[in-house]
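Chain residues, written in single-letter form:
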Amino acid sequence: MELKDALFEELIKNGYSQLKDGRNVWDVANRSLLYMTPGLVKSFLKLRRHPRYVKTIIEIETELLKKHSQSITKDLLNINFNLIDMGCEDGSKAMILIDSLKGKGNCSFCSVNVSKELADMALKNIMNSKLKNVLECRSVIADFRSLDQVVTMVKNKKFSKNVILLLGSILASFELHDYLFNLSQAMYKGDFLVIGNGIRPGERFVNLENYKSALFKEWFDHLIDGFGINIKDVEYDARFANGRLETFYRIKKDIVLTYKGKKVEFKAGDELVVAILYKYYEKELEEFCKMYFREVELVKDEANEYALVICKK
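Since we're looking at a predicted model, the values are computed, not measured.

1. Observations concerning the state of the cysteines
- Throughout the structure, instances matching the rule amount to zero disulfides.
- Not part of a disulfide, C137 finds its nearest cysteine sulfur in C107, a span of 7.3 Å.
- Owing to a relative accessible area of 29%, C137 belongs among the partly exposed residues under this scheme.
- Take C311: it sits in no disulfide, and the sulfur closest to it among the cysteines is that of C289, at 4.1 Å.
- We classify C311 as buried; its relative accessible area is 0%.

2. Digging into helix α4 (residues 92-100)
- Within the span of α4, buried status applies to K93, A94, I96, L97, I98 and S100.
- Buried residues along α4 sit against α3 (51-73), β3 (80-86), β4 (106-113), α5 (116-129), β5 (134-141) and β6 (161-166).
- Phi for K102, located one or two positions after α4, is positive at around 55°.

3. Some thoughts on the packing of helix α2 (residues 38-48) against α3
- It is the contact of α2 with α3, at a shortest axis distance of 8 Å, that shows an interaxial angle of 85°. The angle between the axes of α2 and α3 places the two elements in the roughly perpendicular class. Contacts between α2 and α3 pair F44, L47 and R48 from the former with Y53, V54 and I58 from the latter.
- Of the residues contributing to the contact of α2 with α3, the split by class is five nonpolar, no polar and one charged.

Thresholds, definitions, all that
- Residues numbered from 1 in each chain as written.
- Predicted model: local features only at pLDDT ≥ 70, side-chain atom pairs only at ≥ 80, totals over all residues.
- Heavy atoms only, no water.
- Disulfide = S-S within 2.5 Å.
- Buried < 20%, exposed > 50% of the residue type's maximum accessible area, 1.4 Å probe, protein only.
- Helix = DSSP H or I, 4+ residues; strand = E, 2+ residues; numbered from the N terminus.
- Contact = heavy atoms within 4.5 Å.
- Axes fitted to C-alpha atoms, helices over the stretch in contact; angles between N-to-C directions.
- Parallel < 35°, antiparallel > 145°, perpendicular 65-115°, else oblique.
- Nonpolar A, V, L, I, M, F, W, Y, C, P; charged D, E, K, R; others polar.

Right, here's the structure in full:
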């Protein structure tokens, strides 16, 4: 599906909410849309290389995986399992878990992303690693909301257990209860889910200015271009609202867009939400996961700002 088609489908499906002053707030905040084109992927990778992103997400998540990898994989020794890397990037985090098996468990690696470029990147790196206990490799191009379908699709007699990686705070971009309920229903007894997500030790909403940076704007600007809107006719901003972070564009002039015979009218002052992140406290995230999984272990970094949640069905 082309980006324009996906954007308009999301826009029409979600519609808008109207504020008291008559302004409309439109919502196209679907994490999968942010990786749909080479331009979007290029901007994401640029953000991913930024020192703050590396320090606050990649390095912390990597260290947590290294520290707790054997705890995660202790039940996977001497069995065959699918390792599903949802929203994969370069495959390096999956390698940590595979390597921790010390050759005592075999896996079928599955890179999953809406971007073929990112899915292929992870797949290539895993294949080039020549880890002996990777028996098969495959990529799946899929919407991030379809993880429950992917889990069912890859399971087979040879690889009957699933281990799912949901890292990089992907879960924070979705309504947690709907996402975990659907996923847990698709999982089988003994399957594992490893969530990597930010947590809040103090005030729930802080550091808003980080999300107003030029790197985020550069990334999200591709969505405005995908709609066919002139970037000069909108203004980028971020806020904490509705129990979450929202990044959005404020419409500066009346705009009429046409898609498959339908007209969409934006009025000056309307807002277009393009990305969201829910913010969770440690106990909150742990308790929510316990609603859907029989075994849950939460481990966190020393600063209490990032956690791995290891869930067993």
